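# A closer look at the structure
What follows is each chain in one-letter form.
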Amino acid sequence: MRIFISFFRAFLCLIFWQTGFSIYAQELPVVFKIADAETNTPLLKAHIYIEDIEKNLVADFDGKAHTEIKAGGYHAVVKYIGYETKYFYFEIEKKEQVVEIALSPATLTIEEVTVNAEAENAHTHSVDIGSTSIKAKEIQDLPFLMGEADPLKSIQYLPGVQASGEGNGGIFVRGGSLDQNLILYDNAPIYNPNHLFGFFSVFNVNSISQFDIMKGGIPAHFGGRLSSVLNIKSRKASNTRKAFKGNVGFLAGSFAAELPVVKNKSSLLVSARRTYADLILKGLSSSIDALNNQPDYYFYDVNINYDHQLSSKDRFSFVFYRGKDDFAYQQGNSFRNTIAWANTTGAFNWKHAFNSSFVAEASFYFSDYKMELGAGINNYNLNLNSGIRDVGGKLVFSLDKNEKASTQFGTEIISRRFTPNNIALSSSDTELDVPNTATPALYGLEVAAFMNHKKEIGRFLVNAGLRVSAFAQLGPFTRYAGNDNNVLLDSVNFNKGDIVASYSNVEPRLAIRYKIDEHNSLKTSIDRTAQYVHLAPISSVSLPTDIWVPSSENIRPQSAWQVALGYFKTLGGGAWETSATVYHKLMQNQLEYRNGVIFGYGTGYNFDDNFTFGKGHSTGLELFLKKHEGRLTGWLAYTLSRTTRRFEEIDSNRPFPAKYDRLHDLSLVGNYQLSKKWKISTVFVLASGNTLTLPTGRYLIEGRVVNDYGTRNNFRMPAYHRWDISATLRAGKKDSYSAWWVFSIYNLYNRQNPYYLYFDVSGNAEDYNLDIEAKKVSLFPILPSISYRFEF
Amino acid sequence: MQRISVFFLLTFYISACEQTVGDLDLPDYQSKIVIDGWIEQGRYAEVTLTKSASYFADIDSAALREALVSTAKVSISDGENSEVLTLFRNSDKFPPFYYRGTKMRGEVGKSYKLTVESRGETYEAVTSILPPPKLDSLWVEIDTENDSTANLWLSFKDEPVVENYYRIFTQRQGKDKKFEAIYLSAIGDRYFDGENFTFNILRNTQGIPDSNEAQFSIGDTVMVRFCSIDQAHFDFWRTLEREAISIGNPFSSSGNEILSNTGENALGVWGGYGASYYRIIVK
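Residues numbered from 1 in each chain as written. Chains lettered and ligands numbered in written order. Predicted model: local features only at pLDDT ≥ 70, side-chain atom pairs only at ≥ 80, totals over all residues. Heavy atoms only, no water.

### Details of the overall build of chain A
A tally of helices and strands in chain A yields five helices and 50 strands. The buried share among the 792 residues of chain A stands at 58%. Of the roughly 30,200 Å² of accessible surface on chain A, a fraction of 57% belongs to carbon and sulfur atoms. (Helix = DSSP H or I, 4+ residues; strand = E, 2+ residues; numbered from the N terminus. Buried < 20%, exposed > 50% of the residue type's maximum accessible area, 1.4 Å probe, protein only. Areas by Shrake-Rupley, 256 points an atom, 1.4 Å probe, with all protein chains shown as cover.)

### Quick look at the nonpolar core
The biggest cluster of nonpolar side chains holds 58 residues, and the ones touching the most others in it are Leu152(B), Leu154(B), Phe156(B) and Phe199(B). If we skip the residues at most four places from it in the chain, Leu152(B) touches Leu138(B), Trp139(B), Val140(B), Phe199(B), Asn200(B), Ile201(B), Phe216(B), Val222(B), Val224(B) and Ile280(B). Core analysis: the next-biggest nonpolar cluster, separate from the first, contains 49 residues, Ile134(A), Phe211(A), Val683(A) and Leu779(A) among them. (Core = buried A, V, L, I, M, F, W, Y, C linked by side-chain atoms within 4.5 Å. Contact = heavy atoms within 4.5 Å.)

### Quick notes on the packing of aromatic side chains
A full pass over the atoms with the stated rule returns 38 aromatic pairs over all chains. Seen from their ring centres, Trp741(A) and Tyr788(A) are 4.8 Å apart, and the 55° between their planes marks the pair as tilted. Within this pair, whereas Trp741(A) is found in strand E47 (residues 738-746), its partner Tyr788(A) is found in strand E50 (residues 783-791), the two being separated by 47 residues in sequence. Residue Trp741(A) is classed as partly exposed on the basis of its relative accessible area of 34%. Through pairs of rings, three or more aromatic residues link up here, namely Phe244(A), Phe255(A), Tyr737(A), Trp741(A), Tyr788(A), Phe790(A) and Phe792(A). Seen from the ring of Trp740(A), Arg789(A) lies directly overhead, with NZ or CZ sitting 4.4 Å from the centre. Over the face of the ring belonging to Phe169(B) we find Arg225(B), whose NZ or CZ atom lies 4.4 Å from the ring centre. (Phe/Tyr/Trp six-rings, centres within 6.5 Å; stacked < 30°, edge-to-face > 60°. Lys NZ or Arg CZ within 6 Å of the ring centre and 35° of its normal.)

### Re the pattern of salt bridges
Scanning the model with the defined rule gives 36 salt bridges over all chains in all. Between Glu553(A) and Arg479(A) there is a salt bridge whose closest N-O contact spans 2.9 Å. Here the residue Glu553(A) occupies a position in the loop between strand E34 (547-550) and strand E35 (558-571), and Arg479(A) occupies one in strand E29 (residues 477-482), the gap between them amounting to 74 residues. Judged by relative accessible area, which is 46%, Glu553(A) ranks as partly exposed. The shortest N-O distance in the salt bridge between Glu117(B) and Lys73(B) comes to 4.0 Å. (Salt bridge = Lys/Arg side-chain N within 4 Å of Asp/Glu carboxyl O.)

Written out as structure tokens, the structure reads:
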């Protein structure tokens, strides 16, 4: 095994070069005045969205909004409930300009852009106790691995969210496992959001506008996963102007085109990304021998977003995503290894406004995730396919009674098809029959109805919701019954559409905000969540080999209760936000493989015979401090938490730490505007190490050294810490062409963070000479990169 | 197909650096008795007793001698007869002490209970001797890439319906002192029940057997010991061999524990073999 390591590492170190950048220039103060066209009454809290720079403003009590933007021409949208939305164009030439906007009252308006009201004290005013919203522009500045701006990575720097470690882009939210996060791209779920084992996520920053992560106080119209919802909204191209963006690095490049289709009505955004290092290496390997045994890897992804404003009452959009990763390694004729996975998703969303306070949104979506694994050694070959496909629809009605109360209600239905493990084995030319492990497809149907009511009562803002969800495993399906000696006794057949097993859950959700004063508030939330899909974890380190299985007769749905209480404060007139939150979460029906089960060689005839079930328990304190104004901005997030699991069949029902239990998790993110041209960003992370199950004793059998394991997850790896830095340089601007250079260094002081540990035994007991060493495998050393980004 | 599943586990390795770790917090360890015993048809029972040691304890001759158990009372019984095994000494191998029967020889179809009494504790295990399996054919294929080595192939027909488990050993005359288990020696018929199964015998070496070390040399005379074993016996070797390969592999699930059939307080195995012997000259 060790012989293959250095190849890939050399490959990585040699070719990784990429980053991203951002811009700054002289900005002039501007005042927008928004008033009623007929009465000239100022419209307080009106929303202004300046498209070109993606800036959100909210008018104050005088109907005025102040900001600073650089000289130039801009397109903007102004909205206010009860008034006709206005699109207008304005030009800024000098300081202290006043832009006056008059809005006409109307009965028909529509929300076409999700405007994020960053009012001065939104942080304390909103009832969001466990949500954070991040806009695409905010993450563009942060230094990431290879400088690739990555939404999923930026989320890992928030409190309560832990990265699963290098090599995997998954997240653990408040003690929940990897499968407990619902990742939505315009309502379509994404099952494996990783490219290159976590180097990049599948989200191309060019095609997203913002994302929200909800880890507590989850509104009732979201469900299906226990721990979090990551709601990513696609970016809509402008329907008046063309724009092109691109990013070039040594490893991969991306390009996006934004085109209006029908002026002022519809637009199309197409973006694509691909690695090209594989093509370069292939070309080189013909002349350089040493490159012949290199692993072969590529990924690509494509996003298509089409948005159409049919009328003032109707708007629809269509998004499509397709991405694939393909890794292959071959050594001579005797060893080969391949792994590939792909996500394909599409969503169609329609918004209809019956009137200004009653809006309906209908979504239809599909998501298809496939994973293929292949291994061959000498004459044995193994191929394994696994996948999950969802087709669903969601309907949400939003009713705004008045400023202080609003209601949402609706329903969702998802049809699922699982192909957990289809194994094809062959020994030389003989196809081997694997009847018990070639699981035929499994089908399920999940439905939910929800209602949410938000009301402001004095100092309290209450968001109460109820979600009722149900799941049925459907036929065609065969359930086998075997005896203790695994002899097949009987089988029961279910036809297509028959209900094999069914479950339902009531999920109440409550979030309350108590306003102490303008700058201080107390928030609490209680959530019950249920989950009917499960990721069966086969590796001690997460790799894209985990399989998705449905709830079934033997696998009951997962469920959780979470309670959180937080204190929120803003300081310095809104420049600083701070919060301290404690949470407590209890999870039921958590899944693990039974002891001694080899993937594909379980002891039962049914796909769900090899699991064992137990409880999970997590509690923690999250501290957060954020500065979002001034030359220096950034945040500090710290989580202190403990996550344990308890299974009857493991360690005699004694609690053991979860694999990802981490006592400390600290992230520090900073952005500093050095000058007009230069911006520096930095990230520092520090976390306790993950746990591992390692042997505690050894003994001899037939002269061989054998390991004796203690309790589950009995070892803790050394702490993880890393410092990244990046610098963005605004290159010259010519006409409408802008460019940036991004220089970044990942893992500045080259810490060899442990990916996992194992014990290496060498020598011979017979010669009274045994040497045992603890070895640690690390992934990413210091990785500098440069990339070039352009827009026109 | 455990063989193949294991190959699957060998799959890819993302990367990078490997370093020795200086200091790790090591939990305390309680030493346990280890029973390594077997009985075959027509042969006396043989049991080796040792003690397990903490993983990071020093290994030197003194420590290894501490691991020996030579004062236990070891007995077997088939329900009718019983015998106390005698302590023998064999300086050729480690450990140099072992217990062996002198009266009862194994018989096909019988169940044998092993009782070990040591330091005030009693340990028990049960196994059975199943009918020896039959090979269909055993042949040699010279390695096309290398003139001096060859691959040994084996084919047999599995008994349908009944769960069958096998274990295979080879001994090269003049080179191997005793029968050595092959690479992934424990095979279950889960994937070829009732069918012919053909595979390549690889000798057990350090690391992945894709080198010539795992093959046989031209001119070798090889004895093949092809055995039937029961399920508990199979589970032990299956989990032991899988664990030996999984170590260092991020793919392996946490449940690496080896399933002993010697009870809760003892490690190891007490296994019965129904053995068939074959001989082939590699040429």
